[in-house]
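So you can see what is in the structure, the chains are spelled out below.
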Amino acid sequence: MSIWNDLARHQRATETRDIHQLLTDARRAEAFSVQAGEMRFDYSKTNIDDAGRALLVKLAEEAGLVETRAAMFGGANINQTEGRAVLHTALRAADDAVIEVEGENVMPELLAIRARAYAFAEDLRGGRFVGQGGPITDVVNIGIGGSDLGPAMATLALAPYHDGPRLHYVSNVDGAHIADTLKGLNPETTLVIVASKTFTTIETMTNARTARDWMAERVTDPGAQFAAVSTALEKTAEFGIAPERVFGFADWVGGRYSVWGPIGLGLMIAIGADGFDAFLAGARAMDAHFLEAPLDQNMPVLLALVGIWHNQLCGYATRAVLPYDQRLARLPAYLQQLEMESNGKRVDMDGRDLERQSGPVVWGEPGTNGQHAFYQLIHQGTRIVPCEFLLAAKGHEPALAHQHRLLAANCLAQSEALLRGRSLDEARAIMAAKGLEGAELERQARHRVFAGNRPSTTLIYPLLTPFVLGQIIALYEHRVFVEGVVLGINSFDQWGVELGKELATALGPLLEGADASDKDPSTQALIAFVRSHQD
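Residues numbered from 1 in each chain as written. Predicted model: local features only at pLDDT ≥ 70, side-chain atom pairs only at ≥ 80, totals over all residues. Heavy atoms only, no water.

## Digging into the overall build of the protein
Right, so step 1: The helix and strand tally for the protein stands at 20 helices and 15 strands.
Right, so step 2: Here the protein has a C-alpha radius of gyration of 25 Å; the compact-globule value for 535 residues is 24 Å, and the two agree.
Right, so step 3: Its C-alpha atoms give the protein principal-axis dimensions of roughly 80 × 60 × 60 Å.
Right, so step 4: By the burial criterion, 50% of the 535 residues in the protein qualify as buried.
Right, so step 5: The long-range fraction of contacts in the protein, counting pairs at least 24 apart against all pairs at least 6 apart in sequence, stands at 73%.
Right, so step 6: As displayed, the protein offers around 23800 Å² of accessible surface, 52% of which is attributable to carbon and sulfur atoms.
Right, so step 7: Here the protein contributes 48 positively and 66 negatively charged side chains, and the mean placements of these two sets differ by 6 Å. (Helix = DSSP H or I, 4+ residues; strand = E, 2+ residues; numbered from the N terminus. Rg over C-alpha atoms; globule rule 2.2 N^0.38 Å. Buried < 20%, exposed > 50% of the residue type's maximum accessible area, 1.4 Å probe, protein only. Contact = heavy atoms within 4.5 Å. Areas by Shrake-Rupley, 256 points an atom, 1.4 Å probe, with all protein chains shown as cover. Lys, Arg positive; Asp, Glu negative; His and termini not counted. Charge placed at Lys NZ, Arg CZ, Asp CG, Glu CD.)

## Structural notes on the side chain of His404
Right, so step 1: Position of His404 relative to the elements: it lies in helix α15 (residues 401-420).
Right, so step 2: Exposure remark for His404: the relative accessible area of 14% places this residue in the buried category.
Right, so step 3: Looking at His404, its side chain comes within polar contact range of the main-chain oxygen of Ala392, at 2.7 Å.
Right, so step 4: Those residues within four positions of His404 in sequence are excluded, and the remaining contacts are Ala392, Ala393, Lys394 and Gly395. (Polar contact = N/O pair within 3.5 Å; in protein donor to acceptor, adjacent residues only side chain to side chain.)

## Observations concerning the pairing of strand β2 (residues 39-42)
Regular strands place side chains that alternate from one sheet face to the opposite one.
Right, so step 1: Sheet topology note: the strand β1 (residues 33-36)/β2 ladder contains four bridges and is antiparallel. When the sheet's bridge partners are listed, Gln35 is paired in β2 with Arg40.
Right, so step 2: In textbook terms, the turn of a hairpin is the stretch between consecutive antiparallel strands, and for β1 and β2 this stretch comprises two residues, one of which, Gly37, has a positive phi near 65 degrees.
Right, so step 3: As paired elements, β2 and strand β15 (residues 456-461) share three bridges and run antiparallel to each other. (Pairing = 2+ DSSP bridges.)

## Things to note about the side chain of Glu388
Right, so step 1: Take Glu388: it is sitting in strand β14 (residues 387-392).
Right, so step 2: Within the structure, Glu388 has its side chain in polar contact with the side chain of Arg479 (distance 2.6 Å).
Right, so step 3: Setting aside anything within four residues of it in sequence, one finds Glu388 in contact with Leu303, Arg319, Ala320, Val321, Leu322, Thr457, Tyr476 and Arg479.

## Let's talk about the layout of surface pockets
Right, so step 1: Space inside the largest pocket adds up to approximately 1200 Å³.
Right, so step 2: Surrounding the largest pocket, 41 residues form its lining, Thr201, Gln494, Val497, Glu498 and Lys501 being those nearest its centre.
Right, so step 3: The set of elements that each furnish at least two residues to the lining of the largest pocket consists of α9 (202-216), α13 (331-343) and α19 (498-511).
Right, so step 4: Counted by class, the lining of the largest pocket contains 16 nonpolar, 16 polar and nine charged residues.
Right, so step 5: There is about 500 Å³ of room inside the second largest pocket. (1 Å grid on protein atoms, 1.4 Å probe; cavity = no way out; pocket = protein on both sides within 12 Å on 5 of 7 lines; lining within 4 Å. Points joined across faces, edges and corners; volume = space filled by probe spheres on them. Nonpolar A, V, L, I, M, F, W, Y, C, P; charged D, E, K, R; others polar.)

This is the structure in structure tokens:
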């Protein structure tokens with residue numbers, strides 16, 4: 001597309017420009033920010049100018065973003081490699097919405113499943129559903145990938161709103177995870193949720209059987225204290241789970257997009273139906289903004305286009321997500337899956353090799369811990385890492401407001417430092433003030449130079465509430481969708497996950513002693529090492 005060439009030329013023509021100089025225009029901060037409700041996205045500390053933004057918006061238009069967005073919300077089969085609709089948005093749609101898939105309105109069934117899940121959660125929270133030793137005190141959610149990352153992240157994020165049983169999440173097949181989680185819990189007052197659509201996911205089912213064995217040591221009927229998020233009713237029944245405690249979801253809801261439905265059962269139990277409704281309402285508000293706002297004032301679109309500018313045009317291969325909110329500690333890991341599983345592709349919709357890079361490497365850690373770890377590389381390293389800061393204007397602890405002000409000061413200071421840097425002359429003046437001179441002054445000054453001119457964005461909101469968390473997650477979901485459309489890839493399949501699963505299944509017997517001669521020499525040697533150290 002010629003628009004890519006136009007963008008590449010514009011990027012090359014402006015790449016040495018000082019972002020700080022762009023901000024000498026007092027209008028820029030407002031012109032390069034966008035509001036969605038009370039949430040504000042500031043991308044003024046990037047090297048994108050009016051012309052660059054116009055070209056990026058044109059790129060999205062020419063890629064068919066408006067049409068594909070309508071197709072997704074309308075229930076079309078936009079997941080073309082699997083022949084499926086992509087309708088996680090239906091999970092949070094208004095109760096009176098009509099959303100059809102192949103001519104059938106899916107909303108009545110979605111609402112019925114949600115009502116059942118709410119009723120179960122409220123019965124458990126209210127002590128009407130009890131364990132074989134009394135009211136449920138702890139809930140263990142066993143899943144992996146999208147059946148774990150989303151609900152685990154959201155449950156931690158909304159800790160101030162917990163008024164139900166304690167929630168625990170197990171995902172790793174490493175026995176240490178399930179063992180450490182169950183240690184100290186009472187089987188008689190613990191509920192276990194097994195989240196696996198097919199009830200065959202090997203990591204999840206291995207952990208589920210371990211949990212059932214643990215519960216059976218103290219409980220007469222372990223199955224009575226299990227629930228499942230699955231569509232495999234025969235398998236859940238074989239496991240001992242009654243059908244009224246099984247909650248399914250359609251195949252047009254991808255795992256990493258599924259926190260809005262029964263996969264969020266643990267979150268429902270933690271914060272209650274009202275809290276979960278507010279969570280859905282926040283996402284629904286972001287959906288409305290995404291559908292209605294002009295592209296050049298559309299928060300998900302602009303977040304995506306900034307990412308396209310940095311990755312595909314500037315060549316910055318990674319993206320740091322830096323929430324200045326300890327309760328968003330799991331957000332970077334959640335976004336790793338959302339972005340890298342969705343847009344980590346090498347071919348386009350037609351199966352042709354991509355002409356440019358696909359999605360970036362996404363990583364991060366909450367501030368302020370990261371400042372004392374990897375920010376050194378971000379500030380003075382040779383690679384440029386675009387940073388995405390997230391910050392609440394206030395925290396949930398009024399008595400600790402002074403600490404939140406310090407947190408906010410650190411966040412804003414980091415984006416300013418990335419922007420401004422420190423020149424050699426400034427560093428020399430600092431060293432001279434310390435009494436250094438001559439060659440030693442010069443040597444020490446050079447260690448204190450910051451290149452600056454490093455891009456960042458800031459997403460800022462009043463307070464991390466269920467509504468705001470819903471907005472944030474939906475924002476990033478739509479960002480991934482927009483990037484996928486612009487790059488011409490399918491963001492909703494994940495074939496790259498399958499090969500490792502297949503090989504792991506085949507390798508299991510080899511570790512138990514089966515013939516491994518058809519494996520490569522490296523794998524054979526590693527198998528032999530493991531065998532030699534097994535009991």
